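Per-entry structural report
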Amino acid sequence: AGIRRSWLDVLTVPLMALANAHEEDEKIDIHYYFMDLNAKVTHRFSPRLRASASVYFGDDRLKSRSEDSYNNSYYYGQDYYDLSGWHTCERGLLHWGNLVAQGALNWRLGERAGMEITAAYTRYFSSIKYEYDSEDRYMSETDTTRTRRHTDNNISDWIVRADLDWRPREQMRIRTGAGYTLHSFLPCRTDISNMQNGSLLTVRDNTRGYGAHEASLYIEDDWRISRQVRVNGGIHLSLFAIDGKVRHGVSPRLAANWRPAPQWAVKGAYSRTVQYVRQLSQSYLALPTDLWIPVAGRFRPESADKIAAGVYWQSPDGVYTASAEGYWKWMHNLIDYRDNHLLQPPLAMWDSRLTAGRGTARGIDLTVERTAGKVTGRASYSLAWADRTFPEKNHGRTYPARFDNRHTINLSLTWTPSRRISLSASWTGHSGNRFTFMPQEWVTP
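First, a word on what this report is: a plain description of the structure on this page.

Here is what the cut-offs are and how they apply
- Residues numbered from 1 in each chain as written.
- Predicted model: local features only at pLDDT ≥ 70, side-chain atom pairs only at ≥ 80, totals over all residues.
- Heavy atoms only, no water.
- Helix = DSSP H or I, 4+ residues; strand = E, 2+ residues; numbered from the N terminus.
- Contact = heavy atoms within 4.5 Å.
- Areas by Shrake-Rupley, 256 points an atom, 1.4 Å probe, with all protein chains shown as cover.
- Salt bridge = Lys/Arg side-chain N within 4 Å of Asp/Glu carboxyl O.
- Buried < 20%, exposed > 50% of the residue type's maximum accessible area, 1.4 Å probe, protein only.
- Pairing = 2+ DSSP bridges.
- Polar contact = N/O pair within 3.5 Å; in protein donor to acceptor, adjacent residues only side chain to side chain.

Next up on the list: the overall build of the protein. Secondary structure summary: the protein contains two helices and 21 strands in total. Long-range pairs, those at least 24 residues apart, make up 61% of the contacts in the protein with a sequence separation of at least 6. For the protein, the exposed area adds up to about 27600 Å²; of that, 58% sits on carbon and sulfur atoms.

This next bit is on the pattern of salt bridges. This model, assessed by the stated rule, comprises 18 salt bridges. Where Asp165 meets Arg173, a salt bridge forms, and the shortest distance between an N and an O atom there is 2.5 Å. Using a relative accessible area of 22% as the deciding quantity, one classes Asp165 as partly exposed. Since its relative accessible area comes to 24%, Arg173 is described here as partly exposed. As a salt-bridge pair, Arg278 and Glu302 come within 3.5 Å of each other at their nearest N and O atoms. Taken as a pair, Arg278 in strand E13 (residues 277-280) and Glu302 in strand E15 (residues 302-314) lie far apart in primary sequence, 24 residues in all. Among the charged side chains, a network of salt bridges with common partners joins Arg91, Glu131, Asp133, Arg146 and Arg148.

Across 26 bridges, the pairing between strand E5 (residues 113-138) and strand E6 (residues 141-169) is antiparallel. Opposite Asp133, over in E6, you have Arg146 as the bridge partner. Hairpin geometry of E6 and strand E7 (residues 172-196) is characterised by an intervening segment of two residues between the two adjacent antiparallel strands.

With that settled, consider the environment of Asp317. Relative to the helices and strands, Asp317 resides in the loop between E15 and strand E16 (320-337). Judged by its relative accessible area of 57%, Asp317 is exposed. Measuring from C-alpha to C-alpha, the distance between Asp317 and Gln263 comes to 9.8 Å, with 54 residues separating the pair along the chain. Within the structure, the side chain of Asp317 is placed 2.6 Å from the side chain of Ser315, a separation counted as a polar contact. Reaching out from Asp317, the side chain makes a polar contact with the backbone nitrogen of Val319 at a distance of 3.2 Å.

The next point concerns unusual backbone geometry. At Asn394, a position not held by glycine, the phi torsion is positive, near 55°. Position of Asn394 relative to the elements: it lies in the loop between strand E18 (375-389) and strand E19 (399-400). Its relative accessible area of 26% is what places Asn394 among the partly exposed residues. Of note in this structure, His395 is not a glycine but carries a positive phi near 55°. When you line up the elements, His395 lands in the loop between E18 and E19.

Below is the structure:
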């Protein structure tokens, strides 16, 4: 078991207090902390039966507060005159985290078979709160405004699955299993209240919670046909039911490994995946603006087809290895924010800000590695492309995705002069992520 907590907020409190002590009209406070908890316990009932339970909890909070004031007042003799002034206070809270609790039973059914049953509960939650208070004074009149905005997003899953691992013979390994997940979604619900001089107006968008059922079944076979040829093939079947509609997916995959010589290997693979839950991000950071949404309404399940091939070499003494791999991936029914989603009303339905499109990813990876000796290291280079095409983004024209790193270089080196001493160094360089600035007309009132 282990627990961690940052102490940045404890350090910033006195620093902010010192900074605000020299400011009479404007004061700013910012506090951030994160914590996480990991715990796991395993019990062996017998050589053939083992049970385990684990839990993970993570929590992040970012608070901000700013105050600004102005007073137009003066003394005339012993009389005090307060003519006008204003005072504003803004408060914000970003709160997000994860919870995972899992239990598993593992049986050895014999020398060639084993089974595991798993039950789990997972939850991701995020919340954004914004508060604004203002007071304007002029002579004997005072105007007060109070605004509150609260946005929630969460997803909860109850999961049950069973997996069987069976070796009918030494050259063959079969894995199969089935699972069921009960989903609960709250994509993005916003409450807004505004009070003006005692008059209160409260509104909430029409976003509602969604319940969904997902079932899956898979089987795969890892078969060593001969010393030179090995094949792995399988298929994954899935069903997703939401709002009275049932969507299904078939995901086959096939991989082959051929060794024409002891030091050489050639691999090729094809796979197809289907996804019913999507994470939407507006930034590169893990913030509460990330949303977990289901494939519902007009959207179809996301799917991807990928082909890959590679050549691998190892020196006769096993000290050096080298590889060259290439891949091409086609993605369909991708979901993302529309270009003008920031112009949507705050209380608009969550799916009105989204659009569906397609994408591709392709590239080549080259790697050279030294794996034995006092000095070991690795050098790799990747040349990659990634693009997206959405009818309601970039005027329908294809554009580079944010994962489009054209060139990436990774170097690592480890020197072990003795059993007690090890020195390591690494360096990474890439051509940078793509970034699009927000057009000025989107942010101009």
